Structures are given as C-alpha cells and as structure tokens.
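Listed below are the residues making up each chain.
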Protein chains: 2
Amino acid sequence: MSRETNERIPVLKLGDILLVTIQVDMHDQLALTLQNELTEKIVETQAHGVVMDISGLEIVDSFIGRMLSNLASMARVLDAETVVCGMQPAVAITLVELGLSLPGIRTALNAEQGIALLQGHPAAPVEARGHAPAAP
Amino acid sequence: MSRETNERIPVLKLGDILLVTIQVDMHDQLALTLQNELTEKIVETQAHGVVMDISGLEIVDSFIGRMLSNLASMARVLDAETVVCGMQPAVAITLVELGLSLPGIRTALNAEQGIALLQGHPAAPVEARGHAPAAP
C-alpha cells in the first residue's frame, strides 16, 4: 500500500466536541475517508459539536467548499453542530467569489472561540460579531 | 509561489495549551516552519504546554522521531511541557526499533488525555500507566 492510500485526517475528541484540522490539499479519496471517520466518530462519541479548523489552508476551491458544506450537513443530521474556524482572509474572499458563502455553518475566528461557541459560552468578540444561531 | 512553499502545520491555541496535529509527511522545510511557528506561538501566548497529536501518522522514520524530540526540547527551554499523543501501535514499535524511545517526552493515549495531563488533572488511566513526570 502506498502512503497515499494510508493518508487520513485525524478527528480528535475533546470532551463532547470533535476537532478536525484540515491542513492538506483535499482530494476525493481523502474527503471520503474524512466523511466516514467523522460520521462514525460522532455516533461513537455522541459528540454534540464539530470544530473544523481550516487555518492551515491558504487556498480553497469549490471542491473544498462543497466538502465543508457536506460535512456540516452530515453532522447536522447526526445532531451535531459544526463551526468552521481559522479561516484566512484570502480564503473568505475566494469562498464568496465562488458563490459558496457556507450558509447554515457557524464560523469563529479560531479553534478556541469555536469550542467556546459550541460549549454555549461564546467568547465576547464572537457574540459581538453577530454569530447568533441561525433560525431553523 | 507553489503550494509546497505555502504548506504549514497549524498550531492551535486552546486555553494555555497549544495543540499541533501532525498528519502529513514531514520534510525539512515543513519541520523548520513548524519549529518557528511553535516557538513563536509559545512566546506569544505564554503557553505552558504543547500537545502534539500524531494519530494521523501511520509510519515514522528517524527524521520525524528526531523532529519530535527537538520540538519537545525547544518547548522545554521556553518553559512549556510537551505531551505526544495518539501514537499508533506500529509507530511505537518503529520508534523503539529506531532507537528513539523519546526520552523526557510524556505521552498520552489521545489528545484529550494529553490536555488533561498538562492541566494537572490527568485522567485516571494515564496516571495508572505510570506517566509520572520524569525527575530532572
């Protein structure tokens, strides 16, 4: 087996929250592996939230944008809320230019604030920026 | 600039602990970038602990082994303790076979236990396995 097929993105459990740090270029197989692992881990750990840190990504394309949306939707149907955090300014620009404004996904400036948001005691700056839960 | 030169491993701040998830094949430039970023972030955030999660690594070589040792030593001289966690069984075997038993580095089974260890209230299983602080 090549290294390629072994590649996977770890899903870390921190309390009742799962933390995923995306830092490599995504490709189809890796995205599928992450989908499987994340959904299995949500069920296994009964996590109620997922923090996806994308601070390691300097560029995004429509594939990654769709993957983030899909992961968040999958987590949602498993009753876990997703917060995408650590987005670099250039990534925010690209996402919106691609028409992917990540509707329904909450965001936070960094992993720490993302975790606080999911634990129900958001840090002040996040609240002040209007990241209120979207109405269903 | 190619993607290669942009590549970096994010260092996440969680309270007064820094979390590094190593999941890609290491090479010289990436290791140097990580060294710089980690040491700068320790100073900037006054972190007292570093959790290095290597659950995404299925194989290690002497380069990665040395890099882990070096990162832990650098953190130590900056007054931050390092816990390596999430090591897969095959990696533990390889490390010891390579003569790298990571002396002076504390280990934990997963990131959650690693963080608990650094916060001074280690989860019971970790204590029971004899991960007492090494005498100086």
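Not measured: the values here are computed from a predicted model. (Residues numbered from 1 in each chain as written. Chains lettered and ligands numbered in written order. Predicted model: local features only at pLDDT ≥ 70, side-chain atom pairs only at ≥ 80, totals over all residues. Heavy atoms only, no water.)

A. Up close: the overall build of chain A. Tallying secondary structure elements over chain A gives 6 helices and 5 strands in all. Mapped in sequence order, the helices and strands of chain A form the string α-β-β-α-β-α-β-α-β-α-α. Per-residue burial for chain A yields a buried fraction of 46% across its 136 residues. Expressed as a percentage of contacts within chain A between residues at least 6 apart in sequence, the contacts between residues at least 24 apart total 70%. In the form shown here, chain A has an accessible surface area of approximately 6,600 Å², with 55% of it arising from carbon and sulfur atoms. (Helix = DSSP H or I, 4+ residues; strand = E, 2+ residues; numbered from the N terminus. Buried < 20%, exposed > 50% of the residue type's maximum accessible area, 1.4 Å probe, protein only. Contact = heavy atoms within 4.5 Å. Areas by Shrake-Rupley, 256 points an atom, 1.4 Å probe, with all protein chains shown as cover.)

B. Geometry of the interface of chain A and chain B. Chain A puts 23 residues into the contact, and the matching count from chain B is 23 residues. Around 2,200 Å² of area is buried between chain A and chain B when both sides are counted, 51% of it from carbon and sulfur atoms. Along the contact surface separating chain A from chain B lie 8 residue pairs in polar contact (both at pLDDT 80 or more). Only helix H1 (3-6), strand S1 (11-14), strand S2 (17-21) and helix H5 (111-118) of chain A provide two or more residues apiece to the side of chain A that touches chain B. When grouped by side-chain class, the residues that make up the side of chain A that touches chain B number 9 nonpolar, 7 polar and 7 charged. (Buried area = accessible area lost by both parts, 1.4 Å probe. Polar contact = N/O pair within 3.5 Å; in protein donor to acceptor, adjacent residues only side chain to side chain. Nonpolar A, V, L, I, M, F, W, Y, C, P; charged D, E, K, R; others polar.)

C. Structural detail: the pairing of strand S3 (residues 49-53) of chain A. All names here are of chain A. In terms of burial, S3 is a largely internal element, 5 of the 5 residues being buried. Because side chains alternate across S3, one face comprises the buried residues Gly 49, Val 51 and Asp 53, and the other comprises Val 50 and Met 52, equally buried. As paired elements, S2 and S3 share 5 bridges and run parallel to each other. Within S3, the position partnered with Leu 19 by the bridge is Val 51. Considered for its hand, the β-α-β crossover made up of S2, helix H2 (residues 28-45) and S3 is right-handed. Across 5 bridges, the pairing between S3 and strand S4 (residues 81-85) is parallel. Looking across to S4, one finds that Met 52 is bridged to Val 84. As a crossover connection, the stretch from S3 through helix H3 (residues 62-77) into S4 is right-handed. (Pairing = 2+ DSSP bridges. Right-handed = clockwise from strand over helix to strand, strands pointing away.)

D. Structural context of helix H3 (residues 62-77) of chain B. Residue and element names in this part refer to chain B. In this model H3 runs 23 Å from its N-terminal to its C-terminal C-alpha over 16 residues, within 8% of the 22 Å that 1.5 Å per residue would give. Buried residues of H3: Ile 64, Gly 65, Met 67, Leu 68, Leu 71, Ala 72 and Ala 75, and no others. One face of H3 carries all of its buried residues, which in axial projection span an arc of 165°. Those residues of H3 hidden inside the fold are in contact with helix H2 (28-45), strand S3 (49-53), strand S4 (81-85) and helix H4 (89-97). With its phi angle positive at about 70°, Asp 79 sits one or two positions after the end of H3. (Expected span 1.5 Å × (residues − 1). Arc of directions from axis to C-beta.)

E. A look at the sheet that holds S4 of chain A. All names here are of chain A. Strand order in this open sheet of 5 strands is S1-S2-S3-S4-S5, and the pairing throughout is mixed. In this open sheet, the two strands that pair with only one neighbour each are S1 and strand S5 (106-108). Looking at each pair of strands side by side, their axes are set apart by 25° on average, direction ignored. Against the sheet, H3 touches S3 and S4, its axis set at about 165° to S3. (Axes fitted to C-alpha atoms, helices over the stretch in contact; angles between N-to-C directions.)

F. Broad picture of the nonpolar core. Judged by nonpolar contacts, the single largest core of 62 residues is most densely connected at Val 20, Ile 22 and Met 26 of chain A together with Val 20, Ile 22 and Met 26 of chain B. Every residue in contact with Val 20 of chain B, bar those within four places of it in the chain, is listed here: Ile 9, Pro 10, Val 11, Leu 34, Leu 38, Val 50, Val 51, Met 52 and Asp 53 of chain B. Core analysis: the next-biggest nonpolar cluster, separate from the first, contains 24 residues, Leu 12 and Cys 85 of chain A together with Leu 19 and Ala 111 of chain B among them. (Core = buried A, V, L, I, M, F, W, Y, C linked by side-chain atoms within 4.5 Å.)

G. How the structure looks around the relation of the copies chain A and chain B. Take chain A, turn it by 180°, move it 0.0 Å along the axis, and it overlays chain B with an RMSD of 0.0 Å. Each copy turns onto its partner about a two-fold axis. (Least-squares fit on C-alpha atoms with pLDDT ≥ 70 in both.)

H. Fine view of the pairing of strand S1 (residues 11-14) of chain B. Residue and element names in this part refer to chain B. Summarising the sheet, S1 and strand S2 (residues 17-21) pair through 4 bridges and their orientation is antiparallel. Pairing of Leu 14 across the sheet is with Ile 17, part of S2. Remark: 2 residues form the turn of the hairpin made by S1 and S2, two consecutive strands paired antiparallel; Gly 15 in that turn has positive phi of roughly 65°.

I. Structural context of a nonpolar patch on the surface. Residue and element names in this part refer to chain A. A surface patch of nonpolar side chains, amounting to about 280 Å² of accessible area, comprises Val 43, Val 77 and Leu 78. Note on placement: Val 77 falls in helix H3. The exposed category is assigned to Val 77, whose relative accessible area is 71%. (Patch = residues over 30% accessible without salt bridge, like charges linked within 9 Å, V, L, I, M, F, W, Y side chains within 5 Å. Salt bridge = Lys/Arg side-chain N within 4 Å of Asp/Glu carboxyl O.)

J. Up close: the side chain of Gln 88 of chain A. Mapped onto the elements, Gln 88 of chain A comes out in the loop between S4 and helix H4 (89-97). Polar contacts involving the side chain of Gln 88 of chain A include one to the main-chain carbonyl oxygen of Ser 55 of chain A, which spans 2.8 Å. Those residues in contact with Gln 88 of chain A that lie beyond four places of it in its chain are Ser 55, Leu 57 and Glu 58 of chain A together with Arg 8 of chain B.

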